[in-house]
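A closer look at the structure
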Amino acid sequence: AYAVASYTNDYQVVCITAAATGVETDQAAARSVTLISGDAESELGLVFTKRKAEIERLSNVVATVGHGVFSGEHARHLRDSFFPQAVNVHCVHTTPLETETLKEHRSETYVTERTQRMERELENACVADLVVCVGPRIRRYMALALARRGVGEDKLLELVCGFSDRRVTTPRTALPSTHGV
């Protein structure tokens, strides 16, 4: 949200979060981002109910953005329920296939958890209007996984970190070699 707000003044940037402290709300406001949040006990989905009137007052919403399995479904719900004209963006910066084995608290269940999270990730990506993949490796993986589901790579955008925030990257026209995949 901060990056978008710092990039342009053409949009009002609003972030809906399950909980935010007063300090976080002030920090967001100082960076031209409005936070709409629930209390510390709320699930993100409950914020839509508790703060519905405030959300409905937003106008000219052009995009809802979800982050992986954490808020992908919520971003889609927000778009479908409140802002049907908005573009639904799904961001992917890693894959559960790589991360779940590293979580010690899931040593007995990581295979099941990995499969479930990967399925949710792909479901969110399939129905999103745009899928932002962080780096070429994640983009290649998502392109292949989505192709298996009949989804074209025209909805994929590769975000290359480390470049100036004013530089725009263009998607690759062809996938790198997929030997062994």
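Our structure's up above, just so we're on the same page.
The notes below deal with the structure included here.

What counts and what doesn't
- Residues numbered from 1 in each chain as written.
- Predicted model: local features only at pLDDT ≥ 70, side-chain atom pairs only at ≥ 80, totals over all residues.
- Heavy atoms only, no water.
- Pairing = 2+ DSSP bridges.
- Helix = DSSP H or I, 4+ residues; strand = E, 2+ residues; numbered from the N terminus.
- Axes fitted to C-alpha atoms, helices over the stretch in contact; angles between N-to-C directions.
- Contact = heavy atoms within 4.5 Å.
- Phe/Tyr/Trp six-rings, centres within 6.5 Å; stacked < 30°, edge-to-face > 60°.
- Buried < 20%, exposed > 50% of the residue type's maximum accessible area, 1.4 Å probe, protein only.

What the four strands build is an open sheet, ordered 3-4-5-6; its pairing is parallel. Looking at strand neighbours, the two that pair on one side only are strand 3 (63-67) and strand 6 (156-159), the edges of this open sheet. The mean angle between the axes of side-by-side strands here comes to 25 degrees, regardless of whether they run parallel or antiparallel. Relative to strand 6, strand 5 (residues 130-134) runs parallel, the two sharing four bridges. Paired with Cys133 across the strands is Glu158, a residue of strand 6. On the sheet, helix 8 (residues 136-147) packs against strand 4 (87-92), strand 5 and strand 6 and is oriented at approximately 165 degrees with respect to strand 6.

For the structure on display, the rule yields two aromatic pairs. On the numbers, 6.0 Å between centres and 40 degrees between planes, the contact of Phe82 with Phe83 is tilted. A relative accessible area of 5% places Phe83 in the buried class. Cluster of aromatic residues (ring-pair linked, three or more members): Phe48, Phe82 and Phe83.

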